[in-house]
Amino acid sequence: MSSWLEQAPSLTNVLHYSLAAVALLLVVLGFVTYAIYFERKVIGWMQLRPGPNRVGPLGLLQTISDVTKLLLKEDTRPKHADKALFTLAPILAYSPAFAVLAVMPFTDTIQFADLGVGVLYYIALSSITVMGVITAGWASNNKYSLIGGMRSAAQMISYEVPLVMSVVGIILMTGSLNLKDIVYAQQDVWNIVPQFLGFIVFLIAAQAELNRSPFDLPEAESELVAGYHVEYSGFRFAMFMLAEYVYMFGMGTLIVVLFLGGWLPIHPSLDFIPPIIWFIIKFMFYVFLQFWLRATMPRFRADQLMGFAWKVLLPVALFNIMLTAFVITYQNGFM
Amino acid sequence: MDAVYANNYVIVAIFLLLGVLLPVASVSIIGPMLRPHRPTPEKQTTYESGNIPIGDSWVRFNVKYYIFALLFVIFDVETLFLYPWAVAYNQLGLFAFVEMCIFIVLLVTGLLYAWRKKVLEWE
C-alpha cells in the first residue's frame with residue numbers, strides 16, 4: 001500500500017484507494033455486526049444466561065436479522081421536527097466516525113493515509129460527532145431528545161478536554177504527531193509504562209466520549225427514554241448505533257497505536273507472529289474490556305459526571321504533562 | 001515527496017466521501033425501495049410517553065450547559081497551544097519548560113476560580 005503513495009496521483013490510483021477504502025468499510029461493518037453479537041453473548045455469560053442463540057447456529061445471524069428488520073421498518077418523521085436538520089443529524093454523527101480511520105496504521109504496511117498530523121486529524125474529526133448529537137436532539141422537537149442531546153453534548157465536550165490532553169505526554173516523548181512515528185518510538189517499551197497516568201485518563205475519557213458505561217447517561221433509558229434519538233426509527237436510528245460502534249473501532253485502534261505499541265510484539269523473540277495478528281489481539285482485548293465494564297459498572301450520577309471531568313481528570317492530565325516535560329528536561333541535563 | 005503528500009489527502013477525501021455516502025445511500029436511496037411508507041397523523045406526533053404533547057419543546061433550558069461550553073472553548077484552545085509546544089519540545093529545552101509552566105499555572109488559576117465560583121457543580 002505504501003508503494004501506491006509514491007506514484008503521481010492519477011485516476012487509476014484514486015480507483016485503487018476507493019476500492020481499498022470500501023474493503024476497510026466492509027471489514028468495519030463486519031466488526032460492528034459481530035461486536036454487537038459478542039457484546040450480547042459476553043454479557044449474557046457474565047449474567048449466567050446463554051445470550052442470543054436462536055437465529056442461525058449459536059445465534060450468529062442475530063445481528064444480521066436485526067439490521068434487516070431496521071431496514072424494512074417504516075421511517076417516521078414527527079410533523080413538528082425540523083426536516084432538514086433531522087435528516088442531517090445521522091450523517092453528521094456517522095461520517096466522522098468512519099473518516100478518522102483514514103490515518104490509522106494497522107501495521108507497517110497496511111495503512112491508508114500517512115499524515116504528519118495524524119493525531120490532530122483524529123481529534124479534530126472525532127469532535128464533529130458532538131454536532132450530530134446536538135443536532136438530533138434539537139431537530140426532533142421532543143423534550144426528552146432536547147434534554148438528552150444537551151446532556152450528551154455537555155458530557156462529550158467536558159471529557160474531550162482531558163482526552164486530548166492525555167495524549168500530549170506521548171507527543172512530548174515522541175516529538176511527532178505522526179501515528180507511525182509514535183509506534184516506532186515504542187520499540188523498547190510501550191507507552192503504557194512511562195505514560196501510565198495518561199493511559200488511565202485516556203481510557204476513562206474515551207469511555208465517556210463513546211457514551212458507554214459507566215458513562216452511558218445520554219441513553220439512560222430509565223429517565224430519558226433513549227436520549228437524543230427518541231424520535232429516530234428505522235435506518236436513521238441504525239445510523240446512530242452504527243456510528244457508536246464504528247467510533248468504538250476507531251477508539252480501539254487509536255488506543256492500541258498510542259499506548260499499546262501498535263503492531264509490535266510483546267517481546268522481540270515473538271516477532272514470528274505476523275504484526276496484524278498482534279494488532280488484532282490488542283484490539284480485541286480493548287473491545288472485550290468494553291463489554292466487561294458494561295456488565296460490571298453501574299451508571300454514573302448526572303451531578304457527579306461533570307465534576308469528575310473538570311475536578312479530577314483535567315488536573316491529573318495537566319500534572320501528567322508537566323511531569324513528562326520535567327523528566328525529559330532532567331534526562332537532557334537541563335539543557 | 002509531493003506525490004505522497006497529495007495522495008495522502010486524496011485518501012482522506014475518499015474516506016470523507018465514503019463516510020457521507022453510506023448513510024445517504026442507505027437512508028435515501030436503498031431504504032425507500034424496501035420499507036413501507038404509510039404516514040398517519042398519530043404516527044407523526046411527537047413522542048411524549050403516549051400523551052398528547054404539551055406545547056413546543058424548543059424552550060429555555062439550564063444555563064449551565066452554556067457555561068460548560070465556554071469552559072470547553074477556553075481549555076480546547078489551550079490544548080491547541082500545547083500541541084506544537086509538545087512536538088518541538090526536544091529542540092527548545094529548559095526555556096520552553098519554564099514558559100509552559102507559567103502558561104499552565106495561569107490556566108489552572110482560571111480553573112480554580114471557576115471551581116470556587118461553583119461553576120463545576122451540577123444543580
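A. Structural context of the overall build of chain B. The secondary structure content of chain B amounts to 4 helices and 0 strands. For chain B, the succession of helices and strands along the chain, N to C, is α-α-α-α. Taken over C-alpha atoms, the radius of gyration comes to 25 Å for chain B, far larger than the 14 Å a tight globule of 123 residues would show. Counting only C-alpha atoms, chain B reaches 70 × 55 × 15 Å along its principal axes. Relative to its 123 residues, chain B shows a buried fraction of 34%. Looking at chain B alone, contacts between residues at least 24 apart form 58% of all its contacts between residues at least 6 apart.

B. How the structure looks around the overall build of chain A. Scanning chain A for helices and strands turns up 14 helices and 0 strands. Starting at the N terminus, the α and β elements of chain A follow one another as α-α-α-α-α-α-α-α-α-α-α-α-α-α. For 335 residues, the compact-globule formula gives about 20 Å, and the C-alpha radius of gyration of chain A, at 21 Å, lands near that figure. Projected onto its principal axes, the C-alpha coordinates of chain A cover approximately 65 × 50 × 45 Å. For chain A, the residues scored as buried account for 58% of the 335 residues in total. Nonlocal contacts in chain A, meaning residues at least 24 apart in sequence, comprise 76% of its contacts between residues at least 6 apart. Taken as a whole, chain A presents about 13300 Å² of accessible surface, with 70% of it coming from carbon and sulfur. Computing the positive centroid from 19 side-chain charges and the negative centroid from 20, chain A places the two 12 Å apart.

C. Quick peek at the interface of chain B and chain A. Contacts between the two partners involve 66 residues from chain B, matched on the other side by 89 residues from chain A. For the pair chain B and chain A, the summed buried surface comes to about 7100 Å²; carbon and sulfur atoms form 74% of the total. Area buried by chain B at its contact with chain A is led by Phe15(B), Trp58(B) and Tyr83(B), which between them contribute 12% of it. Joining chain B to chain A, the criterion identifies 1 salt bridge. For Asp75(A), the salt bridge goes to Arg35(B), with nearest N and O atoms at 3.8 Å. Linking chain B to chain A there are 8 residue pairs in polar contact (both at pLDDT 80 or more). Elements with a contribution of two residues or more to the side of chain B that touches chain A: helix H1 (2-34), helix H2 (64-87), helix H3 (89-92) and helix H4 (94-116) of chain B. The element best represented in the side of chain B that touches chain A is H1(B), accounting for 22 residues. When the residues that make up the side of chain B that touches chain A are grouped by side-chain class, the tally is 45 nonpolar, 13 polar and 8 charged.

D. Local environment of unusual backbone geometry. All names here are of chain A. Its identity is not glycine, yet Leu 48 carries a phi of approximately 55°, on the positive side. Looking at the secondary structure, you find Leu 48 in the loop between helix H2 (11-46) and helix H3 (62-72). Using a relative accessible area of 79% as the deciding quantity, one classes Leu 48 as exposed. Despite not being glycine, Asn 141 has its phi angle at roughly 55°, a positive value. Of note, Asn 141 is situated in the loop between helix H6 (129-139) and helix H7 (143-166). Look at Asn 141 and you get buried, because its relative accessible area is 7%.

E. Just the pattern of salt bridges, in detail. Residues and elements named next belong to chain A. Counted under the stated rule, the structure contains 6 salt bridges over all chains. With a shortest N-O distance of 3.1 Å, Arg 299 and Asp 216 are connected by a salt bridge. Of this pair, Arg 299 sits in the loop between helix H13 (275-296) and helix H14 (302-331) while Asp 216 sits in the loop between helix H10 (196-209) and helix H11 (221-224), placing them 83 residues apart in sequence. Given a relative accessible area of 31%, Arg 299 falls into the partly exposed group. Counted as one network, the salt bridges with shared partners bring together Glu 39, Arg 212 and Arg 294.

F. Broad picture of the environment of His80(A). Along the chain, His80(A) turns up in the loop between H3 and helix H4 (83-99). A sequence separation of 62 residues divides His80(A) from Asn142(A), and the C-alpha atoms of the two residues are 8.9 Å apart. Beyond its immediate chain neighbours, meaning those up to four positions away, His80(A) contacts Asn141(A), Thr46(B) and Trp58(B).

G. A look at the packing of aromatic side chains. Applying the stated criterion across every chain yields a total of 27 aromatic pairs over all chains. Among the aromatic residues, those joined into a cluster by ring pairs are Phe31(A), Phe106(A), Phe249(A), Phe279(A) and Phe283(A).

H. Region of interest: the domain arrangement of chain A. Residue and element names in this part refer to chain A. Under the domain assignment, chain A is made up of domain 1 (1-72) and domain 2 (77-331). For domain 1 and domain 2, the distance between their C-alpha centres works out to 19 Å. Between domain 1 and domain 2, the contact holds 21 residues from the first and 25 residues from the second. Of the roughly 2100 Å² buried at the junction of domain 1 and domain 2 (both faces included), carbon and sulfur atoms supply 84%. Interface area lost by domain 1 to domain 2 is led by Phe 31, Glu 39 and Leu 70, which between them contribute 28%.

I. Fine view of the confidence of the model for chain B. Residues at a pLDDT of 70 or more form 98% of chain B, whose mean pLDDT is 84. Confidence scores differ between elements of chain B, with H3(B) showing the lowest mean pLDDT of 83 and H4(B) the highest of 88.

J. Looking closely at the nonpolar core. Judged by nonpolar contacts, the single largest core of 136 residues is most densely connected at Phe202(A), Met251(A), Leu258(A), Trp310(A) and Trp85(B). Among the elements that make up this core, the one with the highest residue count is helix H12 (residues 234-259) of chain A (18 residues). Shared between two domains, this core takes at least three residues from each, and those domains are domain 1 (1-72) and domain 2 (77-331) of chain A. Residues in contact with Leu258(A), not counting those within four places in the same chain, are Val119(A), Val167(A), Ile170(A), Leu179(A), Ile182(A), Gln186(A), Asn191(A) and Phe202(A).

K. A look at the confidence of the model for chain A. Predicted confidence across chain A gives a mean pLDDT of 86, with 96% of residues reaching 70 or more. No element of chain A has a lower mean pLDDT than H11(A), at 64, and none a higher one than H10(A), at 92.

So, how was this worked out
Residues numbered from 1 in each chain as written. Chains lettered and ligands numbered in written order. Predicted model: local features only at pLDDT ≥ 70, side-chain atom pairs only at ≥ 80, totals over all residues. Heavy atoms only, no water. Helix = DSSP H or I, 4+ residues; strand = E, 2+ residues; numbered from the N terminus. Rg over C-alpha atoms; globule rule 2.2 N^0.38 Å. Buried < 20%, exposed > 50% of the residue type's maximum accessible area, 1.4 Å probe, protein only. Contact = heavy atoms within 4.5 Å. Areas by Shrake-Rupley, 256 points an atom, 1.4 Å probe, with all protein chains shown as cover. Lys, Arg positive; Asp, Glu negative; His and termini not counted. Charge placed at Lys NZ, Arg CZ, Asp CG, Glu CD. Buried area = accessible area lost by both parts, 1.4 Å probe. Salt bridge = Lys/Arg side-chain N within 4 Å of Asp/Glu carboxyl O. Polar contact = N/O pair within 3.5 Å; in protein donor to acceptor, adjacent residues only side chain to side chain. Nonpolar A, V, L, I, M, F, W, Y, C, P; charged D, E, K, R; others polar. Phe/Tyr/Trp six-rings, centres within 6.5 Å; stacked < 30°, edge-to-face > 60°. Domains from an automatic or database assignment. pLDDT = per-residue confidence, 0-100. Core = buried A, V, L, I, M, F, W, Y, C linked by side-chain atoms within 4.5 Å.

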